[in-house]
Amino acid sequence: MSRKTYVRTFLVVAILLIASALYSLPFYVSKPGMAKELEPIIEVSGGDEAKGSFMLTTVRMGRANIYSYMMAKWSKYQELYPETSIRSEDETDEEYNIRQLHLMDGSKNNAIKIAYEKAGKEVEYEYLGVYVLDVLKGMPAAKELKAGDQIIQVDHVKFKSAQEFMDYINEKKAGDEVKIVYKREETEKTAVLSLQPFKNEPNRVGIGISLDDNRRVNTKPAIAIDSEHIGGPSAGLMFSLEIYNQLTKGDLTNGYDIAGTGTMSDDGTVGPIGGIQQKIVAADKSGAEIFFAPNENGAAGSNYEDALIAAKDIDTDMKIVPVDNFEDAVAYLTKLNGKEK
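My aim in this report is to walk through the structure given alongside it, one point at a time.

Cut-offs used in this document
- Residues numbered from 1 in each chain as written.
- Predicted model: local features only at pLDDT ≥ 70, side-chain atom pairs only at ≥ 80, totals over all residues.
- Heavy atoms only, no water.
- Pairing = 2+ DSSP bridges.
- Helix = DSSP H or I, 4+ residues; strand = E, 2+ residues; numbered from the N terminus.
- Axes fitted to C-alpha atoms, helices over the stretch in contact; angles between N-to-C directions.
- Contact = heavy atoms within 4.5 Å.
- Core = buried A, V, L, I, M, F, W, Y, C linked by side-chain atoms within 4.5 Å.
- Buried < 20%, exposed > 50% of the residue type's maximum accessible area, 1.4 Å probe, protein only.
- Arc of directions from axis to C-beta.
- Phe/Tyr/Trp six-rings, centres within 6.5 Å; stacked < 30°, edge-to-face > 60°.
- Salt bridge = Lys/Arg side-chain N within 4 Å of Asp/Glu carboxyl O.

**Digging into the sheet that holds strand 5 (residues 122-135)**
And step 1. Spatial strand order, 8-7-6-5-11: five strands in an open sheet with antiparallel pairing. Two strands bound the open sheet, and with one partner strand each, they are strand 8 (187-194) and strand 11 (209-220). For this sheet, the mean angle separating the axes of adjacent strands, direction not counted, is 40 degrees.
And step 2. Strand direction decides the pairing type here: strand 6 (residues 150-154) and strand 7 (residues 177-184), joined by four bridges, are antiparallel. The residue bridging Val154 from the neighbouring strand is Ile180, located in strand 7.
And step 3. This element, helix 4 (residues 93-118), spans strand 5 and strand 11 of the sheet and lies at about 165 degrees to strand 5.
And step 4. Sitting on the sheet, helix 5 (residues 162-170) touches strand 5, strand 6, strand 7 and strand 11, and the angle it makes with strand 11 is about 145 degrees.

Put into structure tokens, the structure is as follows:
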């Protein structure tokens, strides 16, 4: 092969590699992330320190390009998801990220509530307003609002829930105007919007937003959680255990490094999550000795069953523990013998 031909071949290959990295496919790739210690993230005023650690587990999720798509096809613990199963129709990258962060906030609030109540400490909620998750194109809100805005008042009426807001809007008809007062970051703004029928529901009118409640938790003692860059609701269980451990005397970890996953509802129920097998891989690589997995009341194909399959496949020594609620996890830890040094 002549030098000239070699250079041309090299350039063609380089261009193809660059193109494969830059060209996005309508898929997302998820892969094992990490297990992250929670004590540096969560600080309860006057809280106890632990000899071991509670850790949240993550998966890495990103848009697929040609290269990552092929890698996922050949990798056992990487998964491909159609874009439509990850993001709602017309949802932008910014709206998706904001939705994930809001899910984290909801899970975090429930974790605080459960941990404080179980520890016999004071906790109360302050309603901040209606949280805008995303805005529908072609609807009135698209001209003024964006994901992350907080609606605090409509027509001089303040609401105590997103449902009250929807009930108020549903009483009106197409063409009626509403005055919206909202916050974007720390700036208060106003907008007058004319209600419009929804494209797929012509008998229902609105401004065209997906919404949720936005609440702030006030506690005694005070708590600070630095979860700014963590999205999704799956850390709820581990948040609640770390908070409870700092609030109460003794050390629930008993010197062990304990990972896990699962959403936390406001009644203490632990819910299933996606990517459980990838989280088993991440926890094992991070040296976790115990892993809490949602049991889903023993349902076939539960997170717990999938976790056992992955644990056996990677031949980990990590103990996989099924939990249906917060009390299950605490009961297991309470009976746990202290780790021998």
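Additional details are given in the paragraphs that follow.
**Quick look at the nonpolar core**
And step 1. One finds Leu237, Phe239, Leu241, Ile243 and Phe292 to be the most contacted residues of the largest nonpolar core, which totals 37 residues.
And step 2. Listing elements by their share of this core, those giving two or more residues are strand 2 (42-44), strand 3 (53-65), helix 4, helix 6 (236-247), strand 16 (290-294), strand 17 (319-323) and helix 9 (326-334).
And step 3. When residues of this core are assigned to their parent elements, the largest contribution, seven residues, is made by helix 6.
And step 4. Those residues in contact with Ile243, other than ones at most four positions away along the chain, are Ile42, Val44, Ala111, Ile112, Ala115, Tyr116, Ile223 and Ile225.
And step 5. Membership of the second largest hydrophobic core comes to 20 residues, among which are Val154, Phe159, Val178 and Ile209.

**Points about helix 5**
And step 1. If you check which residues of helix 5 are buried, you get Ala162, Phe165, Tyr168 and Ile169. Buried residues along helix 5 cover an arc of 120 degrees about the axis, so they all sit on one side.
And step 2. Packing partners of the buried residues in helix 5 comprise strand 5, strand 6, strand 7, strand 10 (205-206) and strand 11.

**Overview of the packing of aromatic side chains**
And step 1. Tallying each qualifying case throughout the model produces five aromatic pairs.
And step 2. Consider the rings of Tyr28 and Tyr96, whose centres lie 6.3 Å apart with planes at 40 degrees: the pair is tilted. Remark: Tyr96 occurs in helix 4 and Tyr28 occurs in strand 1 (residues 24-37); sequence separation between them is 68 residues.
And step 3. Taking the relative accessible area as the measure of exposure, Tyr28 reaches 5% and is therefore buried.
And step 4. We classify Tyr96 as buried; its relative accessible area is 14%.

**Quick word on the sheet that holds strand 13 (residues 257-260)**
And step 1. The strand order across the open sheet formed by six strands is 4-1-3-13-16-17, and the pairing between neighbours is mixed. Single-partner strands in this sheet number two, and they are strand 4 (79-82) and strand 17. When strand polarity is set aside, the average angle formed by the axes of neighbouring strands in this sheet is 30 degrees.
And step 2. Relative to strand 3, strand 1 runs antiparallel, the two being bridged by nine bridges. Of the residues in strand 3, the one forming a bridge with Ala35 is Thr57.
And step 3. The strands touched by helix 7 (residues 276-285) within the sheet are strand 1, strand 3, strand 4, strand 13, strand 16 and strand 17, with strand 1 carrying the most contacts at an inclination of about 40 degrees.

**What about the pattern of salt bridges?**
And step 1. Tallied over the entire structure, the rule returns nine salt bridges.
And step 2. The partner of Lys76 in a salt bridge is Asp313, with the nearest N and O atoms 2.7 Å apart. Here Asp313 lies in helix 8 (residues 303-313) and Lys76 lies in the loop between helix 2 (66-74) and strand 4, a separation of 237 residues in the sequence.
And step 3. Look at Lys76 and you get exposed, because its relative accessible area is 62%.
And step 4. Judged by relative accessible area, Asp313 falls into the partly exposed class, the value being 40%.
And step 5. Between Lys113 and Glu117 there is a salt bridge, and its shortest N-O distance comes to 3.3 Å. Of the two residues, Lys113 and Glu117 both sit in helix 4, four residues apart, roughly one turn of that helix.
And step 6. For Glu117, a relative accessible area of 42% gives the class partly exposed.

**Topic: the environment of Ser240**
And step 1. Topologically, Ser240 is positioned in helix 6.
And step 2. Residues Ser240 and Gly268 lie 28 residues apart in sequence; the distance between their C-alpha atoms is 9.2 Å.
And step 3. Beyond its immediate chain neighbours, meaning those up to four positions away, Ser240 contacts Ala111, Ala115, Met264 and Phe326.

**Focus on the pairing of strand 8**
And step 1. Bridge count between strand 7 and strand 8: eight bridges; the pairing is antiparallel. Bridge pairing in strand 8 links Arg184 to Thr187.
And step 2. Connecting strand 7 to the antiparallel partner strand 8 that follows it, the hairpin turn spans two residues, and Glu185 within it adopts a positive phi of roughly 60 degrees.

**Quick word on unusual backbone geometry**
As a rule of thumb, non-glycine residues mostly have phi less than zero, and peptide bonds are mostly trans rather than cis.
And step 1. The amide bond that connects Lys220 to the next residue, Pro221, takes the cis arrangement and shows omega of 0 degrees.
And step 2. Among the secondary structure elements, Pro221 is positioned in the loop between strand 11 and strand 12 (223-225).
And step 3. Even without a glycine there, the phi angle at Glu185 is positive, about 60 degrees.
And step 4. Its place among the elements puts Glu185 in the loop between strand 7 and strand 8.
And step 5. In the Ramachandran plot, Asn254 falls in the positive-phi region, its phi being about 50 degrees despite a non-glycine side chain.
And step 6. Its place among the elements puts Asn254 in the loop between helix 6 and strand 13.
And step 7. Taking the relative accessible area as the measure of exposure, Asn254 reaches 24% and is therefore partly exposed.

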